[in-house]
Amino acid sequence: MSEGGEKELGIIVGVAKPDYVRFESRRPVSVGEYVVMQSCGEKILALVERSFVKSDALGDSIRNYDEASESLQVAAENKRDKSYKADARIIGYLEKLRRCKAVMPALPPEPGTLIYEATTADLAKVFAPEGTEWAHMGSLLRNVEVEVRANIDKVVSRHLAVLAMTGMGKSNLVSLLAKEIARVGGTMIIFDYHDDYSTLDLGRNAANLMPAKINPRMLPADKLAEVIEIQENASNQIHVLRQALTQDVQQRKGDDFWDSLVAGARAVGAEEKMYREAAAKVEDKIDYVRKKFRNILDPGMADPIALIKNGKINVINLVELTEKQANVSVSYYLEELLDDRKRATRQAKDRIQSAEDLKSPPRFNAPVLVVIEEAHVFIPKDEKTETKYFASKVAREGRKFGLGLVIVSQRPRSIDANILSQMGSLAVMRMIQPDDQMQVSAASEALSRDLIDQLPSLNPGEAVFAGQWVNLPTFVRADEVKERKIGGDLKAVEQWSQLAAAKEIAKESSDSYVPPGYIQD
C-alpha cells in the first residue's frame, strides 16, 4: 500500500519508455484499467492497453491432451507457474491531468518501479472535472465508482463522431447528449433518419418534434429537380424545369405554385419542339410528387428554419422522405444555419446591424449543435452530395461561428475521410470490420492501435471516448437514457403470437353470433 492509499499491483520489468511500460502483476489485469507509479517525485497515470497471461507448465510445446492434463496438475501445485504481464501507456503527471493538462515525463520510469492500482480519488477529478460545461455521460468501464463527464463546449466547437455497429447504443448516446444539453438550455437539432427519437421525452417541453417538410418555392431549379426525382443526366428535363421556375412562379403559394409550374413547363414544350417530350415528362413528375408527397412538399409553408426553436432539442423526422429528398432537406438546413450563425457572430462582434440583419435578424444568437444520423448516407466517401458540401463547410468553419456537428454512423469506412478527420472528438463502440477500424484509427491520433484492437470486445453501451471532449482516452459505460422509450430490436415472435391470439379471439367472437346448426359441414 502506498502513502496515498493505492494498492500495490505490480513491478515494472524489461525496457521502459517515457510513454510506455511493461509490468509484472500480482493478478490478471483488464485492458482499460488505470494504474499509477512514482517517478521523479511525482505520480504518473497510465492506461493498460494490453494484458497477457502465461503458464510455463502449459506452454505451446505441449503435444497432446494427456501431457496437457499432467501439466495442469504441475501448474496447480506451482505458485510461480503463472505470469501476469501488462503493457500500459503513460498518459501524464496525475496532478497536471487533474487540472486538464497532459504533461508527459521527460524520463522513463526505472525498471523495478512499483505499480499501484489507481484509486477512485486519483481518477475522480481527472474524469469528472467541475464546471457547467462538463456533462455527465456515465462511468469508467473498469471502475464504475468513477463518474465520466464530457465537455459540451468542445463538442460544439470541435465536433464529434459517434461510430459503432448497429444495436450497440449510438442513439442512446446521442439521447444522453441531448438530455444534458436540454439541462443547460442549449439548442440542438437532430436529423432523425429512422424515427429513433420521436418518443424522446425530456420533460418541461424541452423537445420540439418537427416533420421534415420542404418548401419547393425556396429551392433553386437543380435542387427542386432532385426533389421531384428528375435524374441527374436528364438535361432536357432540367432545362424545362429551370425555364418554368420563374421568379413569378416562386412567389405563388399552395396549389397555385404547382399549377403555375405545370403551366410553365407546358409553355416551354409548346415554344420549343425539341423540349416537347421532356416538358411532358416534367409535367408527369410534378403531378406524381404533388400527390404522393403532399404532406412533405408544401409550397404554402413559411421558412422551415423558423420552426426550429432556440433552447430546445429539435428532432426533424426524415422517415417519410426519399434519400434524395432527405439530402436536399438536410443540406438546406445546414446552409441556412451556417449563414444565420455567421450573421449572428458578425453582429455580436461589430455590434452593428446590416440592412439585411435589420430586415431579417439572425434567429440563433447562441451556438447550435447539429446531429446527422446515418452520416454515411449524407456524407458518403465516393459521391458528391449537397449535404456533404455543406457538412464539410460546417466542419471547417463551424468552430468560428458556433455551429457544432455530430455525425453518427455504423459504417465509418463509407464516410468522407476529410470530414471524419475534422471531428475533434470520438465515441467509438463495438466495431469488428477491419476497414471500419482502419478508418477510425486514421481519423484520430488519440486512439492507439491497441485500443482499436479492443473494439470487438465491447458490449452494448460501452465505448471508447477520445479527443477533446475528454481529458484523456478512456473506456466508458454510458448511462441508459430511460426517457427514450423506443429503440433496439423488435420482438417479432412476441408480436406474431399476440396477432395470432387476437385473430383467435375475433374468430370465437364471430362464431358466437352464428346460430347452432346454421353452418353445415
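Everything numeric in this text was worked out from a predicted model, so none of it was measured.

Rules behind the numbers
- Residues numbered from 1 in each chain as written.
- Predicted model: local features only at pLDDT ≥ 70, side-chain atom pairs only at ≥ 80, totals over all residues.
- Heavy atoms only, no water.
- Axes fitted to C-alpha atoms, helices over the stretch in contact; angles between N-to-C directions.
- Helix = DSSP H or I, 4+ residues; strand = E, 2+ residues; numbered from the N terminus.
- Parallel < 35°, antiparallel > 145°, perpendicular 65-115°, else oblique.
- Contact = heavy atoms within 4.5 Å.
- Nonpolar A, V, L, I, M, F, W, Y, C, P; charged D, E, K, R; others polar.
- UniProt positions renumbered as here; feature names shortened; annotations may be inferred.
- Pairing = 2+ DSSP bridges.
- Buried < 20%, exposed > 50% of the residue type's maximum accessible area, 1.4 Å probe, protein only.
- 1 Å grid on protein atoms, 1.4 Å probe; cavity = no way out; pocket = protein on both sides within 12 Å on 5 of 7 lines; lining within 4 Å.
- Points joined across faces, edges and corners; volume = space filled by probe spheres on them.
- Core = buried A, V, L, I, M, F, W, Y, C linked by side-chain atoms within 4.5 Å.
- Left-handed = near helix turned anticlockwise from the far one by under 90°.
- Arc of directions from axis to C-beta.
- Phe/Tyr/Trp six-rings, centres within 6.5 Å; stacked < 30°, edge-to-face > 60°.
- Domains from an automatic or database assignment.
- Buried area = accessible area lost by both parts, 1.4 Å probe.

1. Looking at the packing of helix α7 (residues 235-244) against helix α10 (residues 276-292)
- Their axes nearest at 9 Å, the elements α7 and α10 cross at an angle of 70 degrees. Viewed along their axes, α7 and α10 adopt a mutual orientation that is roughly perpendicular. Judged by residue contacts, Asn 236, Gln 237, Val 240 and Leu 241 of α7 engage Ala 278, Ala 279, Lys 281, Val 282 and Lys 285 from α10.
- Looking at the contact of α7 with α10, its residues break down into five nonpolar, two polar and two charged.

2. Focus: the UniProt feature "domain: Helicase HerA central" (unreviewed entry) in the protein
- UniProt tags residues 136-336 as "domain: Helicase HerA central" (unreviewed entry).
- Annotated as residues 136-336, this span is 45% helix and 17% strand, and its ends, taken at the C-alpha atoms, are 31 Å apart.

3. Thoughts on the sheet that holds strand β10 (residues 187-192)
- If you trace the eleven strands from one edge of the open sheet to the other, you get β8-β7-β17-β16-β15-β9-β14-β13-β10-β12-β11, paired in mixed fashion. What marks the edges here is a single partner per strand, and that holds for β8 (143-151) and β11 (207-211). Neighbour to neighbour, the strand axes of the sheet diverge by 25 degrees on average, direction disregarded.
- Note: β10 against strand β13 (residues 368-372), five bridges, orientation parallel. Paired with Phe 191 across the two strands is Ile 372, which belongs to β13.
- Where helix α14 (residues 386-401) meets the sheet, its contacts fall on β13 and β14 (403-409), and the angle it forms with β14 comes to roughly 135 degrees.

4. Here's the deal with the environment of Leu 224
- Summarising the element assignment, Leu 224 is placed in helix α6 (residues 221-227).
- Its relative accessible area of 0% is what places Leu 224 among the buried residues.
- When the C-alpha atoms of Leu 224 and Asn 236 are compared, they prove to be 15 Å apart, with twelve residues separating the residues in sequence.
- Setting aside anything within four residues of it in sequence, one finds Leu 224 in contact with Pro 216, Leu 219, Leu 241, Leu 245 and Leu 261.

5. Comments concerning the layout of surface pockets
- Estimates place the volume of the second largest pocket at around 520 Å³.
- Taken together, 16 residues line the second largest pocket, and the ones lying closest to its centre are Glu 226, Glu 232, Lys 324, Lys 384 and Thr 385.
- Counting residues per element, the ones that place at least two in the lining of the second largest pocket are α6, α7 and α11 (323-350).
- Class assignment of the residues belonging to the lining of the second largest pocket gives a composition of four nonpolar, three polar and nine charged.

6. Here we look at the sheet that holds strand β4 (residues 42-55)
- One closed barrel holds the six strands; their spatial order is β1-β2-β5-β4-β3-β6, and the pairing between them is antiparallel. On average, adjacent strands in this sheet sit at an angle of 40 degrees to one another, irrespective of strand direction.
- Summarising the sheet, β4 and strand β5 (residues 82-93) pair through eleven bridges and their orientation is antiparallel. The residue of β5 that forms the bridge with Leu 45 is Gly 92.

7. Some details on the side chain of Asn 151
- Within the secondary structure, Asn 151 is located in strand β8.
- When neighbours within four sequence positions are excluded, Asn 151 is seen to be in contact with Glu 133, Trp 134 and Trp 469.

8. What to know about the nonpolar core
- Among the nonpolar cores identified, the biggest contains 139 residues, and Tyr 34, Met 188, Leu 261, Leu 318 and Phe 465 are the most heavily contacted of them.
- A per-element tally of this core places α11 first, with eight residues.
- Residues within four places of Met 188 in sequence aside, it is in contact with Val 174, Leu 177, Ala 178, Ile 181, Lys 312, Ile 313, Asn 314, Leu 369 and Val 371.

9. Some details on the packing of α11 against α14
- In contact at an axis separation of 9 Å, α11 and α14 are set at 20 degrees when each is read in the N-to-C sense. In terms of their interaxial angle, α11 and α14 are classed as roughly parallel. In the packing of α11 onto α14, the handedness of the crossing is left-handed. Listed contacts from α14 to Asn 327, Val 330, Ser 331, Leu 334, Glu 335, Leu 338, Arg 341, Lys 342 and Thr 345 of α11 are Glu 386, Thr 387, Phe 390, Ala 391, Lys 393, Val 394, Glu 397, Lys 400 and Phe 401.

10. As for helix α16 (residues 434-443)
- Looking only at α16, the buried set comprises Asp 436, Gln 437, Gln 439, Val 440 and Ala 443. Looking down the long axis of α16, one finds its buried residues gathered within 160 degrees of arc, a one-sided arrangement. Along α16, the residues that are exposed and aim more than 90 degrees away from the buried face are Pro 434, Met 438 and Ala 442.
- Taken together, the buried residues of α16 touch β9 (160-163), α15 (417-421), β15 (425-428) and α17 (449-453).

11. Details of the packing of aromatic side chains
- All chains considered together, the criterion is met by seven aromatic pairs.
- A ring pair is formed by Phe 191 and Tyr 333, whose centres lie 5.6 Å apart and whose planes are at 55 degrees; its orientation type is tilted. Of this pair, Phe 191 sits in strand β10 while Tyr 333 sits in helix α11, and the two are 142 residues apart along the sequence.
- Taking the relative accessible area as the measure of exposure, Tyr 333 reaches 1% and is therefore buried.
- With 5.2 Å between their ring centres and 65 degrees between their planes, Phe 257 and Trp 258 make a pair best called edge-to-face. With respect to class, Phe 257 is no different from Trp 258; both count as buried.
- Following the ring pairs from residue to residue traces out a cluster consisting of Phe 191, Tyr 332 and Tyr 333.

12. What about empty space enclosed by the protein?
- Under the counting rule described, the total for this entry stands at two cavities of 30 Å³ or more.
- If you trace the largest cavity, you find it lined by Lys 213, Ile 214, Asn 215, Met 218, Leu 219, Pro 304, Ser 329, Tyr 332 and Tyr 333.
- Class assignment for the residues of the lining of the largest cavity results in six nonpolar, two polar and one charged.
- Contributing to the lining of the second largest cavity are Met 137, Leu 160, Val 162, Leu 173, Val 174, Leu 177 and Trp 469.

13. Here's the deal with the domain arrangement of the protein
- As far as domains go, the protein holds domain 1 (8-118), domain 2 (149-213 + 304-478) and domain 3 (216-293).
- Contacts between domain 2 and domain 3 engage eleven residues on the former and nine residues on the latter.
- Summed over both sides, the interface of domain 2 with domain 3 buries roughly 880 Å², with 58% coming from carbon and sulfur.
- By the criterion of area lost to domain 3, the three top residues of domain 2 are Lys 324, Gln 325 and Val 328, representing 56% of everything that side buries.

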